[in-house]
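# Analysis of the macromolecular model
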Amino acid sequence: MNDIYSGKFITIEGIEGTGKSTAMHYVQHWLEQHSIPFIQTREPGGTLIAEQIRQIFLKKQAEVMEADTELLLVFAARSQHLHQVIWPALQEGKWVVCDRFTDASYAYQGGGRGIDAQRINTLENWVQGRFRPDTVILLDAPVEICLQRTMQRGALDRIEVEKTEFFERARTAYLKRAAAEPERYKMVDAAKTIEEVQQQIGRILSQLHMH
Ligand code: TMP
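The paragraphs below set out a description of the structure included in this document. Nothing here was measured: the structure is a model prediction, and the numbers come from that model.

Looking now at the site of the ligand. Not every one of the 16 residues close to the ligand is listed here, only the nearest: Glu16, Arg54, Arg78, Ser105 and Gln109. One nitrogen or oxygen atom from the side chain of Gln109 is found 2.8 Å from a nitrogen atom belonging to the ligand. For the ligand, the protein covers 92% of the area, taking 480 Å² as the surface of the free molecule. Cavity membership is defined here by more than half of the atoms lying within 2 Å of grid points; on that basis the ligand lies in the largest pocket. In terms of residues, the shell around the ligand owes the most to one element, helix α4 (residues 102-112), which gives four residues. Taken together, the residues that form the shell around the ligand break down as eight nonpolar, two polar and six charged.

Structure below.
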């Protein structure tokens, strides 16, 4: 799909509490061990301007944020991130590992907020053209387990305060996308122990490295 780049674009997805940060650390360790040049980044964010959009996006305010506003904000941040960071790094032959990307828009704004997938797809094509992740690592675990983990973190942001059903819908949307394209989406059972999760991720990266 992304033939003009020599680097690989990997995204890590999953609802809150699936262990994305731990997975990001492990991916960093694996790439360093294999001497693969890479950058790690996140969405929404990853550039000065996109990080400012992230603050607006996550901050709890006295005014309700409209679902379309959410969607447009994440795609505004994404446009900046792609042009300033992701595409230049891939052009230099680096691997880019991104903590969330457009699948999160389908899961949260699509599944969570109920925005039609077609509309999200319109923005995806507008902002990204045909560009898509080479591999999406989807960390999946039952919502109750995930929310128990996030509760222990202290202050919750504007999305984390959502109800269980919101995260159920987000999880369902992720799983549906993964099932539709099994060669690009790699599922990881995030309810397992850290060691088992790391082994699963290591296998995914080895496969990707060979191709
Ligand atoms: P996190 O990366 O620290 O988990 O926080 C980012 C939050 O933003 C998370 O709750 C998911 C949400 N999000 C969306 O709703 N849509 C998006 O497109 C992205 C990238 C993130």
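The discussion continues.
On to unusual backbone geometry, then. Between Glu43 and Pro44 the backbone carries a cis peptide bond, its omega angle lying at -10 degrees. Checked against the element boundaries, Pro44 lands in the loop between β2 (38-42) and α2 (48-58). Positive phi outside glycine occurs at Ser35, with the angle close to 50 degrees. Assignment of secondary structure puts Ser35 in the loop between α1 (20-33) and β2. On the basis of relative accessible area, Ser35 is assigned to the exposed category, the value being 63%. A positive phi angle, near 75 degrees, is found at Arg100, a position not held by glycine. Tracing the sequence through the fold places Arg100 in the loop between β3 (95-99) and α4. Take Arg100: its relative accessible area is 11%, and that puts it in the buried class.

Tallied over the full model, the rule gives seven aromatic pairs. Taking the centre distance of 4.9 Å and the plane angle of 90 degrees together, the rings of Phe9 and Phe101 count as edge-to-face. Taken together, the residues span a long stretch of sequence, with Phe9 in strand β1 (residues 9-13) and Phe101 in the loop between β3 and α4 at a distance of 92 residues. The two residues Phe9 and Phe101 agree in class, both being buried. With 6.0 Å between their ring centres and 55 degrees between their planes, Tyr108 and Phe166 make a pair best called tilted. Of this pair, Tyr108 sits in helix α4 while Phe166 sits in helix α7 (residues 164-180), and the two are 58 residues apart along the sequence. Take Tyr108 and Phe166: they sit in the same class, and that class is buried. An aromatic cluster of three or more residues is present, and its members are Phe9, Trp87, Phe101 and Phe131. Taking NZ or CZ as reference, Arg78 lies 5.1 Å from the ring centre of Phe101, over its face. Of note, Arg158 hangs over the ring of Phe57, and the distance from its end group to the ring centre comes to 5.1 Å.

Turning next to the environment of Thr22. Turning to its location among the elements, Thr22 is positioned in helix α1. Separated by 172 residues in the primary sequence, Thr22 and Ile194 have C-alpha atoms spaced 8.3 Å apart.

This paragraph deals with the layout of surface pockets. Roughly 700 Å³ of internal volume is contained in the largest pocket. In terms of residue class, the lining of the largest pocket is built from 14 nonpolar, nine polar and 13 charged.

What counts and how
- Residues numbered from 1 in each chain as written.
- Predicted model: local features only at pLDDT ≥ 70, side-chain atom pairs only at ≥ 80, totals over all residues.
- Heavy atoms only, no water.
- Near = heavy atom within 4 Å.
- Polar contact = N/O pair within 3.5 Å; in protein donor to acceptor, adjacent residues only side chain to side chain.
- Areas by Shrake-Rupley, 256 points an atom, 1.4 Å probe, with all protein chains shown as cover.
- 1 Å grid on protein atoms, 1.4 Å probe; cavity = no way out; pocket = protein on both sides within 12 Å on 5 of 7 lines; lining within 4 Å.
- Sits in = over half its atoms within 2 Å of the grid points.
- Helix = DSSP H or I, 4+ residues; strand = E, 2+ residues; numbered from the N terminus.
- Nonpolar A, V, L, I, M, F, W, Y, C, P; charged D, E, K, R; others polar.
- Buried < 20%, exposed > 50% of the residue type's maximum accessible area, 1.4 Å probe, protein only.
- Phe/Tyr/Trp six-rings, centres within 6.5 Å; stacked < 30°, edge-to-face > 60°.
- Lys NZ or Arg CZ within 6 Å of the ring centre and 35° of its normal.
- Points joined across faces, edges and corners; volume = space filled by probe spheres on them.

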